[in-house]
Amino acid sequence: MGRRGGRVRPDALVLAIETSCDETAAAVVARDGRVRSSIVASQAELHARYGGVVPELAARRHVEAVLPAVDAALAEAAVGWDDLALVAVTRGPGLPAALLVGLAAAKALAFARGLPLVAVNHLAGHIWAHRLDDAPPLPLPAICLVVSGSHTDLCLLPEAGGLRLLGTTVDDAAGEVFDKVARLLDLGYPGGPRIELAARQGDAHAVAFPRTLRDLNPPPGRSQVVGGRYAFSFSGLKTAVAVRRQTHPTEAVADVAASFQAAVVETLVHKTIAAARDHGAAGVLLAGGVAANGPLRAAMAAGCGGEGLALRVPPPWYCTDNAAMIGAAAWEAWAAGRRAGWDLDAEPDLPLEL
Ligand code: KG4
Ligand code: ZN
């Protein structure tokens, strides 16, 4: 293959490594997007008793788990080092110590095997996950909503390529509010899937929780882009759930969970569809861990259907953190000529960019 980028065989393979949070993941992904293997070693059990990710524990577990994950990814793909064209790794955003473990492993492996190294933006990984495994392309211009544990980013993907951030959250991220409300409801960690499960037995109309659908002022000192028509706020909703637990202590948790989830879903869909209308979008892309949520996927599909918008959402297992999405994004970075040096460092606050 051409090491200077450009023309690469469709069956060329990247080994991708992801350690930005509490999943130790490794994957082998072909240039055409086919996933040859995707290993995700979750640390959820390790952090569960603390009710959230403990960065130091996460980093230590990554140290133990990263090489076994790489070995498992190569074994499952039935390939050896000579079959690989490049090594890719998440450089940020994420927990600094956790990111450094993946970076050190990727650098050492690439250096030892004489393979080029590509650095990947974790959020770009969430976005490119929609092209894995022969999925159809996203019609442009498109509106993209990235909803994860630390991000709620609404963006425009123009026909000319690239990405423009339209709005973000002025307080909690969508995944964060799922996790915090799960704690309020004693549902445990990780919160998102627990709330979705509990909500299945509940009535989504039981409590009329507030929806922040209006335009929002940016917090003092923050750029205009975080405020405005496409900005999100979930802290009022979180407080409303906390107050409700105190005023109605015997109310069924399932009803509260279902009502809370409905409020988040309605807000996310409302703002996404508004942005799609305003920008004459042809498609909508839903990405990030919260995009694994069934009711959100269904409501977004209904909203897009009503507007004639093509919706793309990766399958749930490529929405939550994994390394296959890092492989997909790595091939895009490679095609754009991006290469990482041995001085590559972690970027814990890296903003979303393609
Ligand atoms: O993308 P991700 O796996 O990690 C980050 O980059 O943050 O997202 C994790 C977030 C967590 O807050 C988790 O509670 C949420 O995604 N999540 C869900 C679901 N699965 C994961 N939220 C709602 N419903 C789900 N099924
Ligand atoms: Zn993520």
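Quick note: structure is the one above.
What counts and what doesn't
- Residues numbered from 1 in each chain as written.
- Chains lettered and ligands numbered in written order.
- Predicted model: local features only at pLDDT ≥ 70, side-chain atom pairs only at ≥ 80, totals over all residues.
- Heavy atoms only, no water.
- Core = buried A, V, L, I, M, F, W, Y, C linked by side-chain atoms within 4.5 Å.
- Buried < 20%, exposed > 50% of the residue type's maximum accessible area, 1.4 Å probe, protein only.
- Helix = DSSP H or I, 4+ residues; strand = E, 2+ residues; numbered from the N terminus.
- Contact = heavy atoms within 4.5 Å.
- Near = heavy atom within 4 Å.
- Polar contact = N/O pair within 3.5 Å; in protein donor to acceptor, adjacent residues only side chain to side chain.
- Areas by Shrake-Rupley, 256 points an atom, 1.4 Å probe, with all protein chains shown as cover.
- 1 Å grid on protein atoms, 1.4 Å probe; cavity = no way out; pocket = protein on both sides within 12 Å on 5 of 7 lines; lining within 4 Å.
- Sits in = over half its atoms within 2 Å of the grid points.
- Pairing = 2+ DSSP bridges.
- Expected span 1.5 Å × (residues − 1).
- Donors = N, O, S within 2.8 Å, 3.2 Å for Na, K, Ca; no water.
- Right-handed = clockwise from strand over helix to strand, strands pointing away.
- Points joined across faces, edges and corners; volume = space filled by probe spheres on them.
- Nonpolar A, V, L, I, M, F, W, Y, C, P; charged D, E, K, R; others polar.
- Arc of directions from axis to C-beta.

J.: What is the right way to read the nonpolar core from this model?
T.: Generally speaking, a soluble globular protein has its nonpolar side chains buried in company with each other. Core analysis: the biggest nonpolar cluster contains 46 residues, and Phe209, Phe260, Leu268 and Leu296 have the highest contact counts within it. Those elements that place two or more of their residues in this core are strand 6 (142-147), strand 7 (152-157), helix 5 (174-184), helix 6 (191-199), helix 7 (235-247), helix 8 (253-278), strand 9 (283-287) and helix 9 (294-307). Sorting elements by how many residues they give to this core places helix 8 first, with twelve residues. What Phe209 contacts, discounting residues up to four positions off in sequence, is Leu237, Ala240, Val241, Arg244, Val256, Ser259, Phe260 and Ala263. The next biggest cluster of nonpolar side chains, apart from the first, holds 31 residues, and it includes Ala30, Val87, Leu99 and Val101.

J.: I'm lost on the site of ligand 1 in this one. Help?
T.: Taken together, the neighbourhood of ligand 1 is formed by 17 residues, with His126, Gly149, Asp179, Glu196 and Asn293 sitting nearest. Gly175 is positioned such that a nitrogen or oxygen atom in its backbone is 3.1 Å from an oxygen atom of ligand 1. With respect to ligand 1, the backbone of Gly192 contributes an N or O atom lying 3.0 Å from an oxygen atom. Look at ligand 1: alone it shows 550 Å² of surface, and the protein chains cover 89% of it. If you map ligand 1 onto the pockets, it falls in the largest pocket.

J.: Honestly, the pairing of strand 7 in this entry has me stumped. Any pointers?
T.: Strand residues, when the strand is regular, have side chains that alternate between the two faces of the sheet. Within strand 7, six of the six residues are buried, which leaves the element mostly enclosed by the surrounding structure. Taking every second residue as pointing to the same face, both faces of strand 7 are buried, with Thr152, Leu154 and Leu156 on one and Asp153, Cys155 and Leu157 on the other. Looking at chain direction, strand 6 and strand 7 are connected through six bridges and run antiparallel. Within the sheet, the bridge partner assigned to Val146 lies in strand 7 and is Asp153. Alignment of strand 7 against strand 8 (residues 164-167), held across three bridges, turns out to be antiparallel. What sits directly across from Cys155, in strand 8, is Leu165. Between the end of strand 7 and the start of strand 8, which pair antiparallel, lie six residues, with Gly161 showing a positive phi angle near 100 degrees.

J.: Sorry, what's going on with helix 3 (residues 96-113) here?
T.: Each turn of an α-helix holds 3.6 residues, which means side chains three or four residues apart point in the same direction. Over its 18 residues, helix 3 extends 26 Å from the first C-alpha to the last, a length consistent with the 26 Å expected when each residue adds 1.5 Å. Considered for burial, the residues of helix 3 that qualify are Ala98, Leu99, Val101, Gly102, Leu103, Ala105, Ala106, Leu109 and Ala110. Elements that come into contact with the buried residues of helix 3 comprise strand 1 (13-18), helix 2 (55-77), strand 4 (84-92) and strand 5 (117-121). In the segment just after helix 3, Gly114 is the residue with positive phi, at about 65 degrees.

J.: Honestly, the environment of Ala329 in this entry has me stumped. Any pointers?
T.: As for its placement among the helices and strands, Ala329 is situated in helix 11 (residues 324-335). Taking the C-alpha atoms as reference points, Ala329 and Gly167, separated by 162 residues in sequence, lie 22 Å from one another. Residue contacts for Ala329: discarding those within four places in its chain leaves Val120, Ala124, Gly125 and Trp128.

J.: What's the story with the coordination of the zinc ion (ligand 2) in this structure? I'm lost.
T.: Ideal coordination angles are 109.5 degrees for a metal with four donors arranged tetrahedrally and 90 or 180 degrees for a metal with six donors arranged octahedrally. His122 (NE2), His126 (NE2) and Asp321 (OD) make up the full set of protein donors to the zinc ion (ligand 2), lying at 2.0 to 2.1 Å. For the zinc ion (ligand 2), the donor residues sit on a single chain with the sequence spacing H-x3-H-x194-D. One end of the pair, His122, is in helix 4 (residues 122-128); the other, Asp321, is in the loop between helix 10 (316-319) and helix 11, with 199 residues separating them in the sequence. When its relative accessible area of 16% is taken as the criterion, Asp321 is described as buried.

J.: Quick question: what am I supposed to make of the pairing of strand 9 here?
T.: For strand 9, the tally of buried residues reaches five of five residues, placing the bulk of the element in the interior. The sheet contact formed by strand 6 and strand 9 spans five bridges and is parallel. Paired with Val146 across the strands is Ala287, a residue of strand 9. Each parallel crossover has a hand, and for strand 9 linked through helix 9 to strand 10 (residues 310-312) it is right-handed.

J.: Where do I start with the environment of Ala206 in this structure?
T.: Relative to the helices and strands, Ala206 is located in the loop between helix 6 and helix 7. For Ala206, a relative accessible area of 32% gives the class partly exposed. Along the backbone, Ala206 and Gly236 are 30 residues apart, and their C-alpha atoms lie at a distance of 18 Å.

J.: Looking at this structure, how should I read empty space enclosed by the protein?
T.: Left-over empty space is what a probe sized like a water molecule reveals as it rolls over the atoms. What the rule picks out here adds up to one cavity of 30 Å³ or more. Among the residues forming the lining of the largest cavity, the class breakdown is four nonpolar, three polar and one charged.

J.: Got a minute to help me understand helix 9 in this structure?
T.: In this model, helix 9 (14 residues) spans 20 Å end to end at C-alpha, consistent with the 20 Å of a helix rising 1.5 Å per residue. Considered for burial, the residues of helix 9 that qualify are Leu296, Arg297, Met300, Gly303 and Cys304. The arc that holds every buried residue of helix 9, seen down its axis, measures 130 degrees, which confines them to one face. Facing away from the buried side of helix 9, by more than 90 degrees, are the exposed residues Ala302, Gly305 and Gly306. Buried residues along helix 9 sit in contact with strand 6, helix 8, strand 9, strand 10 and helix 10. N-capping of helix 9 is provided by Asn293, with a side-chain oxygen placed 3.0 Å from the backbone N of Leu296. Following helix 9 by one or two positions, Gly308 has its phi on the positive side, about 70 degrees.

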